[in-house]
Amino acid sequence: MGHLQLWLPVLAGLTGILAQEDLYRKVFVFRKDPSDAYVVLRAQLEQPLHNFTVCLRSYTDLSRPHSLFSYATKAQDNEILLFKPKPEEYRFYVGGKFVTFRVPEGRRDWEHVCASWESATGIAEFWLNGKPWPRKGLQRGYTVGTTAAILLGQDQDSFGGGFDLYNSFSGELTDVYLWDTGLSPDKMRAAFLSLRLPPALLAWKSLSYEVKGDVVVKPRLREALGS
């Protein structure tokens, strides 16, 4: 597994506060719709990714397109992207290409998603609320670059910027993780149930982040299923 160099907590001027903390049972509340706000996740990857898994939990009443997790490099703005164009569809991007997973329209409740990918086979997995969807093929042989800008709540059309406000997220995000490996089915279900998880490149319980704009960290109002 690659190593992660975390930034120490420091003040970052008037634009936000760089913090590292355990966010267990807390959420990021993106208060406005549409919004120019986002959260930067601080990580320095030491080697390119040949495999990865990203998981998060979201709660929103949006029906328009919105970005959940955006990992961009200078060479590719959609290096990794979890994007929801409409309530019954998720798009999972790797290296600028995507596959679509059609899902039941949400009941205005928490939705937990995990997406994983492996270069050797090009297999993309998608799990919704602890249940796997049929696997699909995506970018076999590709390598995900390092020196990344990793954002929650906006879709990067350039490295660290180029936002379309009408693709912004509004609502609540929590339980964000990124691993440099494909999780086993047992670990995928453990992520949904908020059980013990393997060490991660980005982990909700030791997250290094910086808030940009109107995003507030608050206790979770009600428990998501399984948490």
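Structural data are supplied above this passage.
Attention in this report is confined to the structure presented alongside it. These figures come from a predicted structure and were not determined experimentally.

## Looking at the pairing of strand β11 (residues 123-128)
When you tally the buried positions in β11, you get five out of six residues, the bulk of the element. Bridge count between strand β10 (residues 111-118) and β11: six bridges; the pairing is antiparallel. If you follow valine 113 over to β11, its bridge partner there is leucine 128. As consecutive antiparallel partners, β10 and β11 are separated by four residues, and within that stretch glycine 122 has a phi angle of approximately 70°, a positive value. Pairing of β11 with strand β13 (residues 136-137), which is carried by two bridges, proceeds in the antiparallel orientation. Opposite isoleucine 123, over in β13, you have glycine 137 as the bridge partner. Note that β11 and strand β12 (residues 131-132) share two bridges and pair antiparallel.

## Overview of the side chain of serine 170
Following the sequence through the fold, serine 170 ends up in the loop between β14 (149-152) and β15 (171-179). Excluding its chain neighbours within four sequence positions, the residues that come into contact with serine 170 are Phe30, Arg31, Lys32, Asp33, Thr60 and Leu62.

## So, the side chain of lysine 84
Structurally, lysine 84 is set in strand β7 (residues 80-86). The class for lysine 84 is buried, based on a relative accessible area of 8%. Leaving out residues up to four positions away in the same chain, lysine 84 has contacts with Arg64, Pro65, His66, Glu89, Tyr90 and Glu111.

## Looking at empty space enclosed by the protein
Counted according to the given criterion, the structure contains two cavities of 30 Å³ or more. Thr60, Lys84, Gly106, Arg108 and Glu111 are, among the 14 residues lining the largest cavity, the residues nearest its centre. Partitioned by chemical class, the residues of the lining of the largest cavity number four nonpolar, four polar and six charged.

## Observations concerning the state of the cysteines
Per the counting criterion, the structure on display carries one disulfide. Between the sulfur atoms of cysteine 55 and its disulfide partner cysteine 114 the distance amounts to 2.0 Å. Note on the cysteine 55 and cysteine 114 pair: the S-S dihedral is about 115°, so by sign convention the disulfide is right-handed. In this pair, cysteine 55 sits in strand β5 (residues 51-59) while cysteine 114 sits in strand β10, placing the two residues 59 residues apart along the sequence. Take cysteine 55 and cysteine 114: they sit in the same class, and that class is buried.

## Some points on the packing of aromatic side chains
Summed over the entire model, instances satisfying the criterion amount to 13 aromatic pairs. For the ring pair tyrosine 38 and phenylalanine 163, a centre distance of 5.0 Å and an interplane angle of 65° mean the geometry is edge-to-face. Taken together, the residues tyrosine 38 in strand β4 (residues 38-41) and phenylalanine 163 in the loop between β14 and β15 connect sequence positions 125 residues apart. Classification of phenylalanine 163 as partly exposed rests on a relative accessible area of 24%. Measuring from ring centre to ring centre gives 6.4 Å for phenylalanine 126 and tryptophan 133, while their planes differ by 85°; the resulting arrangement is edge-to-face.

## Some points on helix α1 (residues 185-192)
Among all positions in α1, only Met188, Ala190, Ala191 and Phe192 are buried. Looking at the buried positions of α1, the neighbouring elements they touch are β5, β10 and β11. Backbone geometry just downstream of α1 places serine 194 in the positive-phi region, at approximately 60°.

## What to know about the pattern of salt bridges
Inspection of the entire model under this criterion finds 11 salt bridges. Of the charged contacts, one joins glutamate 21 and lysine 26 as a salt bridge, the two residues approaching to 3.8 Å between their closest N and O atoms. Among the ionic pairs, lysine 86 bridges to glutamate 89, the shortest N-O distance being 3.8 Å. Judged by its relative accessible area of 7%, glutamate 89 falls in the buried class.

## Focus on the nonpolar core
Ranked by size, the top nonpolar core spans 57 residues in total, and within it Phe28, Leu41, Phe52, Phe69 and Phe92 carry the most contacts. Sort the elements by how many residues they give to this core and β15 lands first, with five residues.

Each value, and the rule that gives it
Residues numbered from 1 in each chain as written. Predicted model: local features only at pLDDT ≥ 70, side-chain atom pairs only at ≥ 80, totals over all residues. Heavy atoms only, no water. Buried < 20%, exposed > 50% of the residue type's maximum accessible area, 1.4 Å probe, protein only. Helix = DSSP H or I, 4+ residues; strand = E, 2+ residues; numbered from the N terminus. Pairing = 2+ DSSP bridges. Contact = heavy atoms within 4.5 Å. 1 Å grid on protein atoms, 1.4 Å probe; cavity = no way out; pocket = protein on both sides within 12 Å on 5 of 7 lines; lining within 4 Å. Points joined across faces, edges and corners; volume = space filled by probe spheres on them. Nonpolar A, V, L, I, M, F, W, Y, C, P; charged D, E, K, R; others polar. Disulfide = S-S within 2.5 Å. Phe/Tyr/Trp six-rings, centres within 6.5 Å; stacked < 30°, edge-to-face > 60°. Salt bridge = Lys/Arg side-chain N within 4 Å of Asp/Glu carboxyl O. Core = buried A, V, L, I, M, F, W, Y, C linked by side-chain atoms within 4.5 Å.

Interpretation note: all reported values are geometric properties and have no functional meaning in isolation.
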